[in-house]
Every structure is written in structure tokens, then in C-alpha cells.
Amino acid sequence: MRDILVAGNWKMNGSSTANAELMSGIIAGVPEGSGFSLLVCPPFPYLASVAAQAAGSAVSVGAQNVSEHQKGAFTGEVAPSMLSDVGCEYVIVGHSERRSLYGESSAQVAAKFQAAQAAGMTPILCVGETLEEREAGTTEKVIDEQLDAVLDAAGVEAFGTAVIAYEPVWAIGTGVTATPEQAQDMHRHIRGRFEALNADIAASVQILYGGSMKGENAAGLLAKPDIDGGLIGGASLKAEDFLAIAHAAAQN
Ligand code: 13P
């Protein structure tokens, strides 16, 4: 069975003081048990201090973005080696906010995915459709294109050390969650694509759900066979809310 990954994407929130409090609350409340892991993804300036606080705990640390370049004249960018240097084990790539607000193309997302892996980190590849795309009946086509860009560049084996997050854009930060059935349908579709390519990878790859996941709906989502965790925004900013999801994972 696949482990469950409960990942908090803090987005552009926090401060030194608030983060320290959040982290001590999370670390103190990690549920007993096995079969799940916890991850937090703070903004760049706080990665080193959050990683130092997380050291020796059950909580891993990841970044929200990474440059596809290794080093050099890229003002404002952060290299993959820098992230692993300060203790990141994961990097989110292709979040819909990066794609829509910062114009990241699927080709660039694929390059970031590969750059993260080359630096020894696990990319969390986000895919998801907008409401217009869902209403137009093109959800699967959109997801396939987003996946294919990375599959073509990196190959299916690369997903042996990667995580996928299905994040329907219409559910992000809206309070509208995909129903467990809607999410399961898409997770099954994604895993099905891998089954056609490599059965072992299909069976092992973790597919997280993201989009208004919270304590109240986590158990229903995590009960679905192809949902292996969550990528959580708003509900990852308070220890109590994040831990409610962690408890749902521990009891799954
Ligand atoms: P919310 O949980 O705030 O909807 O955000 C989801 C998300 O975008 C996680 O990456």
C-alpha cells in the first residue's frame, strides 16, 4: 500500500514568529502511527529556519518553486542545489498559481521537475483544470497535456521518485472541494495513464488531492483508493487544522 503524504503549501504567508509557533504546534501534535508522513512548504526566506526546527521531527520540508537553472545570472531565482543545501526534500512544481500568474509553461514545469530531481529532491507535480475547462468537458485532455509534458521530457521512470498533486483550479482557495468521487475519478484517470506505461510506477506513485481540503472533508477524500494524501493551502496555516488532516491520514 502507498503511504499517505499530508503536505502543507504555506504559499506567501507567515513570519519568523508565526512559523516557529506553527511548527512547534505541528511537531507536538504529530499523530501516533505509521503509513503517513507530513511535509510543510514555507516561502523561500524561511526554509532554513523551518528545516532547522523540523530536524529530528516527523515533519519534512519542501519549497514551493525552484529555478530550472543550476546557477548564474538569474536575478531573483533560487537554484535546486540551494534548496537541498538548506534541507529541502521536496519541491512543488507547476502549481496553478505559478502557471496562471507567472506564465509558467508546461515545458518549463518539466524542466523544473527534472532540475529538482537532479538535485536529489522529490518534485510534487501539480496538475489541474479550470472551471471553464471542466465545463467544456476537457478536464482529462488538460491533465493529460500537463502530464505528457513531463513524461516526454523526463520519462515514466522519473515518477519513481516524484509525487503528483491533482489540484482542480476551481477548488483552490474557494472553499469548494471536489467531491471524493470527482477527485477519485481524476486520480484513477491519472493512475490509469501510468498503468499503460509502467505498472510498478503506477502502483507506487503517490497522487495527492489539493483544493480546499480540511479536517472535515479529509477522511472522505483519503478513503478513496487512488487518493494518497493532500496538498493543503489554507488549512495548513494553523497547527490545529493541519493536524486534523494528519489525524484523518493516520486513521485511514
Ligand atoms: P487551498 O487548500 O487553500 O484550497 O489551496 C490548495 C492549494 O493550492 C495547495 O497547493
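Residues numbered from 1 in each chain as written. Predicted model: local features only at pLDDT ≥ 70, side-chain atom pairs only at ≥ 80, totals over all residues. Heavy atoms only, no water.

Caption draft 1: Up close: the overall build of the chain. Helix and strand counts for the chain stand at 11 helices and 8 strands. In terms of C-alpha radius of gyration, the chain reaches 17 Å, essentially the compact-globule figure of 18 Å for 252 residues. Over its C-alpha atoms, taken along the principal directions, the chain stretches across nearly 45 × 45 × 35 Å. Expressed as a percentage of its 252 residues, the buried residues of the chain come to 50%. For the chain, contacts bridging at least 24 residues in sequence account for 72% of all contacts bridging at least 6. By element, 52% of the accessible surface of the chain is carried by carbon and sulfur atoms, the whole surface being about 10700 Å². Side-chain charges in the chain split into 14 positive and 29 negative, and the spacing between the mean points of these groups amounts to 2 Å. (Helix = DSSP H or I, 4+ residues; strand = E, 2+ residues; numbered from the N terminus. Rg over C-alpha atoms; globule rule 2.2 N^0.38 Å. Buried < 20%, exposed > 50% of the residue type's maximum accessible area, 1.4 Å probe, protein only. Contact = heavy atoms within 4.5 Å. Areas by Shrake-Rupley, 256 points an atom, 1.4 Å probe, with all protein chains shown as cover. Lys, Arg positive; Asp, Glu negative; His and termini not counted. Charge placed at Lys NZ, Arg CZ, Asp CG, Glu CD.)

Caption draft 2: Examining the pairing of strand β4 (residues 90-93) more closely. Side chains Tyr-90 and Ile-92 project from β4 onto one buried face, and the interleaved Val-91 and Val-93 project onto a second face that is buried too. When strand β3 (residues 59-63) meets β4, the two strands line up parallel, connected through 2 bridges. The residue bridging Ala-63 from the neighbouring strand is Val-91, located in β4. For the crossover from β3 across helix α3 (residues 80-85) to β4, the handedness is right-handed. Note: β4 against strand β5 (residues 122-127), 4 bridges, orientation parallel. Considered in β5, the bridge of Val-91 is made with Pro-123. (Pairing = 2+ DSSP bridges. Right-handed = clockwise from strand over helix to strand, strands pointing away.)

Caption draft 3: Spotlight on the site of the ligand. Surrounding the ligand, one finds 13 residues, the nearest of these being Lys-11, His-95, Gly-173, Ser-212 and Gly-234. Between the ligand and the protein, one listed contact pairs an oxygen atom with a side-chain N or O atom of Lys-11 at 2.8 Å. The side chain of His-95 places a nitrogen or oxygen atom 2.8 Å from an oxygen atom of the ligand. Its residues placed into classes, the shell around the ligand shows 4 nonpolar, 7 polar and 2 charged. (Near = heavy atom within 4 Å. Polar contact = N/O pair within 3.5 Å; in protein donor to acceptor, adjacent residues only side chain to side chain. Nonpolar A, V, L, I, M, F, W, Y, C, P; charged D, E, K, R; others polar.)

Caption draft 4: Just the pairing of β3, in detail. Counting buried residues along β3, 5 of its 5 residues qualify, which places the element largely inside the surrounding structure. Burial of β3 is two-sided: the residues Val-59, Val-61 and Ala-63 facing one way and the residues Ser-60 and Gly-62 facing the other way are all buried. Direction of pairing for strand β2 (residues 36-41) relative to β3: parallel, over a ladder of 3 bridges. Note on β3: the bridge partner recorded for Leu-38 is Val-59.

Caption draft 5: Examining unusual backbone geometry more closely. We note that Lys-11 has phi near 50°; this positive angle belongs to a residue other than glycine. With respect to the helices and strands, the residue Lys-11 is situated in the loop between β1 (4-9) and α1 (16-28). Even without being a glycine, Ser-212 presents a positive backbone phi close to 55°. Inspection of the secondary structure puts Ser-212 in the loop between β7 (206-209) and α10 (215-222).

Caption draft 6: Region of interest: the packing of α1 against helix α11 (residues 239-251). One way to put it is that α1 packs onto α11 with a least axis distance of 9 Å and a crossing angle of 30°. By the angle class used here, α1 and α11 are roughly parallel. You can see that α1 and α11 cross each other, and the crossing is right-handed. Touching Leu-22, Gly-25 and Ile-26 of α1 are Ala-239, Phe-242 and Leu-243, all from α11. Class assignment of the residues belonging to the contact of α1 with α11 gives a composition of 5 nonpolar, 1 polar and no charged. (Axes fitted to C-alpha atoms, helices over the stretch in contact; angles between N-to-C directions. Parallel < 35°, antiparallel > 145°, perpendicular 65-115°, else oblique. Left-handed = near helix turned anticlockwise from the far one by under 90°.)

Caption draft 7: Here's a closer look at the packing of aromatic side chains. Under the defined criterion, the tally for this structure stands at 2 aromatic pairs. Three or more aromatic residues link up through ring pairs in this structure, and these residues are Phe-113, Phe-159 and Phe-194. (Phe/Tyr/Trp six-rings, centres within 6.5 Å; stacked < 30°, edge-to-face > 60°.)

Caption draft 8: Quick look at the nonpolar core. The biggest cluster of nonpolar side chains holds 65 residues, and the ones touching the most others in it are Phe-159 and Phe-194. If one sorts the elements of this core by residue count, α11 sits on top with 7 residues. Not counting residues within four places of it along the chain, the set of residues in contact with Phe-194 comprises Leu-147, Leu-151, Val-156, Phe-159, Ile-164, Ala-199, Ile-201 and Ala-202. Grouped together as the second largest cluster of nonpolar side chains are 12 residues, Cys-41, Cys-126, Val-163 and Leu-208 included. (Core = buried A, V, L, I, M, F, W, Y, C linked by side-chain atoms within 4.5 Å.)

Caption draft 9: Up close: the state of the cysteines. Taken as a whole and assessed by the stated rule, the structure comprises 0 disulfides. The thiol of Cys-88 is not disulfide-bonded; the next cysteine sulfur, from Cys-41, is found 7.8 Å away. (Disulfide = S-S within 2.5 Å.)

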